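# Topology and contacts: notes
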Amino acid sequence: MVASETAVAGFTHPNYRFKVEGLDDRWKIMVGEEAGNVLPDASLVAMRIGGIYGGIVVEPLGDVDPSNYIKLLVSNMTASLVDPEFSETETLEYKGKDARVVEIDVKVNGIPFHYRLLAFVHQGFGYQVLTWETTAKSGGGHGKEFFDAVEIVEGEITAPPVVALADSNGIGRRVHQGRFESPVFRLAVRPAEGWKLMSETELLQQTDGAEMGLKHDGLGAYVAIAPEHAAGSRREALEAAMLEDVTASVGDGGEVLEPGRFEVCGREVEFQRFVVDAGLPLRMYQGLFFEGEISYKVTAWHFEQRSGELAPAIQEGLGGVSLLTAEEAAAIGTDLAKVPDHQSAVGPEFSLRGGVYRDFESGVVWRKPDGFWRITSGDQATLNNSVISFQAEELSHGLYLQLVSESAEDWSEEDYHVAVLSNFAPEEGFGEPVSFDPVDVDGKPALVSKVSQDIQGMTMERFVVTTVRGGFGHQMQFWSWGDGVKGTPELIGKCVAGFTFPGETLVKTEKSSNTYHDHRVGYRISLPGIGWRIREDMDPTIAPIGSSVSCTRGRESVMLMGLNINDSRQAQATMRAIIENMLKINYDRASNSGSTESSTVIKGATAKVMSFEIGDRHGRAITFSHQGVIYLMIVDAGQPAAAEKLSKAVIGGFDFLP
């Protein structure tokens, strides 16, 4: 044993005046960007061996009752999670503060999680102290260890220094040398002093479809911009829709105020000002302007208690927004078109990687055409529509594709098509469907109809393509705003051509005496020699987002696990570091002489290799990442030479699947 059960080094936040200390060395403390990669906006995150987390989020709030604060947090979680279940809110004293606590049970990508969220107010700042773990592991009391370790430190709270968002490439957008750039929408943002860009994860949680977001942690102010194509009559429709959204948002507990004006991109823009009741009153600002055939909906918000002092700060934040020239946008777009598609997701019955979506339950595959396609699947897709398999948007054309796959045993092509069209009801503004000639989809005719819908003061056309394969009905729906799909027939044709229907031949895994293929997670492994026993270990906490397989032969064993982390690359790097840290702690405890580390390259991916010795067993733990999946190999053999030989053979026999 080279490590003892000692306390992990504590941490005191110099600005938010809290500390965490007294956790044993089964915990790892993360702060700054590393913490934010695990929990957006977190100042600190702690993880315990066994997958138990604790986190602290602090935000400017004003003089607010904690009962109203917890209502706001519950409202936010209700909007961002799929079917969460909340306990009754309880009142308690926590570290000398009047606090509120609520417990939440929810499934995230099929994995059940249990959260405990505690909130209080200190010096006008809201503090969230929370723990979470998978339901299968809850009840162990380790979350209490984290709550007990948190203390409030005397001293005045101050705003922390701004840490710029790291450069990164996304689908049709990037952060380059500290500036956000979206070539499709010709949008550029260099944050003003005190402001910083939101990460893609924060955008998903804080905004509804925004392309870019800014936040000021010291003031609790936010700005989001949602551009979209707005040719023809779409302009008037968007203006009317924004006013309708304001009325709907205000509801019964809010208030509509006199409009105000902010300068954005060198022009003065009128902003609707209003207050919404979201547990706490929020002051909202919403404006709309146009450049060519693109609209820009700008939304800003902060807590109403600080409305008098924050309007000038909102203007400062908007001062960093500008529009790219056509030449700049073209050059950036060319660069981004060369960047590999990093979107990835794994669910119980589907996978997305490299621009290819696979549904193993219904036997359908879609390969995206060229373009800037943003693809949503799993919980992210079903949050707004519970029946769809995935949704894709091509940014340059504003074209949307949505797939629904459902049981259609004993249905004919014609009957299924008619049944799908019956969902487009006249009372929802849909007109009479217009039929077109069938189109070939993967070697078989599919039926096509166009349905027009009067919505938001304009007519939108939706093309519906259906086919029945292997007892499943598949409906592919295409639509866009503005001039509809009239300008995109070629792209729609390419989208349809991207569908194939392998049916039952599309399998998640295949194995033989010495090989294992995981088509869902995306890898294959060939083991040396013969005589291996290969067994899938589907832990319920792993199965929804990955897989684990154990291979044994005599005294030799190989365990391979792949976990999809459907998040930013920074978050994936953080999670990999967490796994490696936990492995090192475990091996240093159990190993005769501690673990040693080296590096290697596995099919282009940089890997860390940890060597360990436990009793008369020698082994290697190997970690690496590829296309959103974190891989862990544990190779175990008798003597050191045998362990080295086996690990080299396993590495040589590993490959990624397209």
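None of the values given here were measured: they were computed from a predicted structure. (Residues numbered from 1 in each chain as written. Predicted model: local features only at pLDDT ≥ 70, side-chain atom pairs only at ≥ 80, totals over all residues. Heavy atoms only, no water.)

Turning our attention to the pattern of salt bridges. Here the structure, examined in full by the defined rule, presents 34 salt bridges. Across the pair lysine 215 and glutamate 202 runs a salt bridge whose closest N-O atoms are separated by 2.5 Å. Of this pair, lysine 215 sits in strand 17 (residues 212-216) while glutamate 202 is found in helix 4 (residues 200-206), placing the two residues 13 residues apart along the sequence. In this structure, lysine 215 and glutamate 202 share a single accessibility class: buried. (Salt bridge = Lys/Arg side-chain N within 4 Å of Asp/Glu carboxyl O. Helix = DSSP H or I, 4+ residues; strand = E, 2+ residues; numbered from the N terminus. Buried < 20%, exposed > 50% of the residue type's maximum accessible area, 1.4 Å probe, protein only.)

With that settled, the discussion passes to helix 2 (residues 66-80). Structurally, the α-helix is built with 3.6 residues per turn, so residues lying three or four positions apart point the same way. In this model helix 2 runs 21 Å from its N-terminal to its C-terminal C-alpha over 15 residues, within 8% of the 21 Å that 1.5 Å per residue would give. Every buried residue of helix 2 is accounted for by Pro66, Tyr69, Ile70, Leu72, Leu73, Val74 and Met77. Close packing links the buried residues of helix 2 with strand 5 (52-60), strand 6 (85-86), strand 8 (97-108), strand 9 (111-122), strand 10 (125-134) and strand 23 (294-303). Two or three places before serine 67, at the opening of helix 2, aspartate 65 has a side-chain oxygen 2.7 Å from that residue's backbone nitrogen. (Expected span 1.5 Å × (residues − 1). Contact = heavy atoms within 4.5 Å. Polar contact = N/O pair within 3.5 Å; in protein donor to acceptor, adjacent residues only side chain to side chain.)

We now examine the environment of serine 598. Note that serine 598 resides in strand 43 (residues 596-602). For the pair serine 598 and alanine 313, spaced 285 residues apart in sequence, the C-alpha separation works out to 49 Å. Those residues in contact with serine 598 that sit more than four places away from it in its chain are Ala607, Lys608 and Val609.

So, on to the packing of aromatic side chains. Under the definition given, this model contains 31 aromatic pairs. Centroid distance tyrosine 53 to tryptophan 132: 5.1 Å. Interplanar angle 5 degrees. Geometry classified as stacked. In this pair, tyrosine 53 is assigned in strand 5 and tryptophan 132 in strand 10, connecting sequence segments 79 residues apart. Relative to tryptophan 301, the ring of tyrosine 222 has its centre 5.3 Å away and its plane inclined at 10 degrees; by these criteria the two rings are stacked. On the criterion of sequence distance, the pair formed by tyrosine 222 in strand 18 (residues 221-229) and tryptophan 301 in strand 23 is long-range, its members being 79 residues apart. (Phe/Tyr/Trp six-rings, centres within 6.5 Å; stacked < 30°, edge-to-face > 60°.)

As a further point, take the sheet that holds strand 26 (residues 350-353). Across the sheet, five strands lie side by side as 25-26-27-28-36; this open sheet has antiparallel pairing. The open sheet has two edge strands, strand 25 (344-346) and strand 36 (499-500), and neither has a second partner. (Pairing = 2+ DSSP bridges.)

Moving on, we come to the side chain of serine 43. Tracing the sequence through the fold places serine 43 in strand 4 (residues 42-48). For serine 43, the contacting residues outside a window of four places in its chain are His13, Tyr16, Phe18, Met30, Val31, Gly32, Ala35, Ile56 and Val58.

Our focus in this paragraph is the layout of surface pockets. In this model, the second largest pocket occupies a volume close to 430 Å³. Of all the secondary structure elements, the ones that give two or more residues to the lining of the second largest pocket are strand 27 (356-359), helix 8 (378-382) and strand 31 (399-407). Of the residues forming the lining of the second largest pocket, the biggest block, three residues, is contributed by helix 8. Residue classes in the lining of the second largest pocket are distributed as seven nonpolar, nine polar and five charged. (1 Å grid on protein atoms, 1.4 Å probe; cavity = no way out; pocket = protein on both sides within 12 Å on 5 of 7 lines; lining within 4 Å. Points joined across faces, edges and corners; volume = space filled by probe spheres on them. Nonpolar A, V, L, I, M, F, W, Y, C, P; charged D, E, K, R; others polar.)

Moving on, we come to empty space enclosed by the protein. Tallied over the entire structure, the rule returns one cavity of 30 Å³ or more. The space that makes up the largest cavity amounts to roughly 30 Å³. For the largest cavity, the full set of lining residues is Ser344, Ala345, Val346, Leu352, Arg353, Arg520, Val521, Asn564, Gln627 and Val629. Of all elements in the fold, only strand 25 and strand 26 reach the threshold of two or more residues within the lining of the largest cavity. At three residues, strand 25 tops the list of elements feeding residues into the lining of the largest cavity. Residues belonging to the lining of the largest cavity are distributed by class as follows: five nonpolar, three polar and two charged.

Okay, the environment of isoleucine 530 next. Assignment of secondary structure puts isoleucine 530 in the loop between strand 39 (523-526) and strand 40 (533-536). Judged by its relative accessible area of 67%, isoleucine 530 falls in the exposed class. Taking the C-alpha atoms as reference points, isoleucine 530 and serine 513, separated by 17 residues in sequence, lie 6.6 Å from one another.

So, on to the sheet that holds strand 15 (residues 187-189). Note on sheets: strands pair through backbone hydrogen bonds, and any given pair is parallel or antiparallel. Taken together, five strands build an open sheet; the order of strands is 12-13-14-15-24 and the sheet is antiparallel. With one partner strand each, in any of the chains shown, strand 12 (168-169) and strand 24 (321-323) form the two edges of the open sheet. Pairing of strand 12 with strand 13 (residues 174-176), which is carried by two bridges, proceeds in the antiparallel orientation. Directly across from asparagine 169, in strand 13, lies its bridge partner arginine 174.

Turning next to helix 7 (residues 326-337). Taking 1.5 Å of rise per residue, 12 residues should cover 16 Å, and helix 7 covers 16 Å from first to last C-alpha, within 8% of that figure. For helix 7, the full list of buried residues reads Ala329, Ile332, Gly333 and Leu336. In a view along the axis of helix 7, the buried residues occupy a sector of 105 degrees, so they form one face of it. The inward-facing, buried residues of helix 7 abut strand 12, strand 13 and strand 14 (179-182). (Arc of directions from axis to C-beta.)

This part is about the side chain of glutamate 211. Inspection of the secondary structure puts glutamate 211 in the loop between helix 4 and strand 17. Using a relative accessible area of 3% as the deciding quantity, one classes glutamate 211 as buried.

With that settled, consider the confidence of the model for the protein chain. Per-residue confidence for the protein chain averages 88 on the pLDDT scale, and 93% of its residues sit at or above 70. Within the model, pLDDT remains below 50 along residues 1-6, and this stretch shows 15 contacts once partners closer than five positions in the same chain are excluded. (pLDDT = per-residue confidence, 0-100.)

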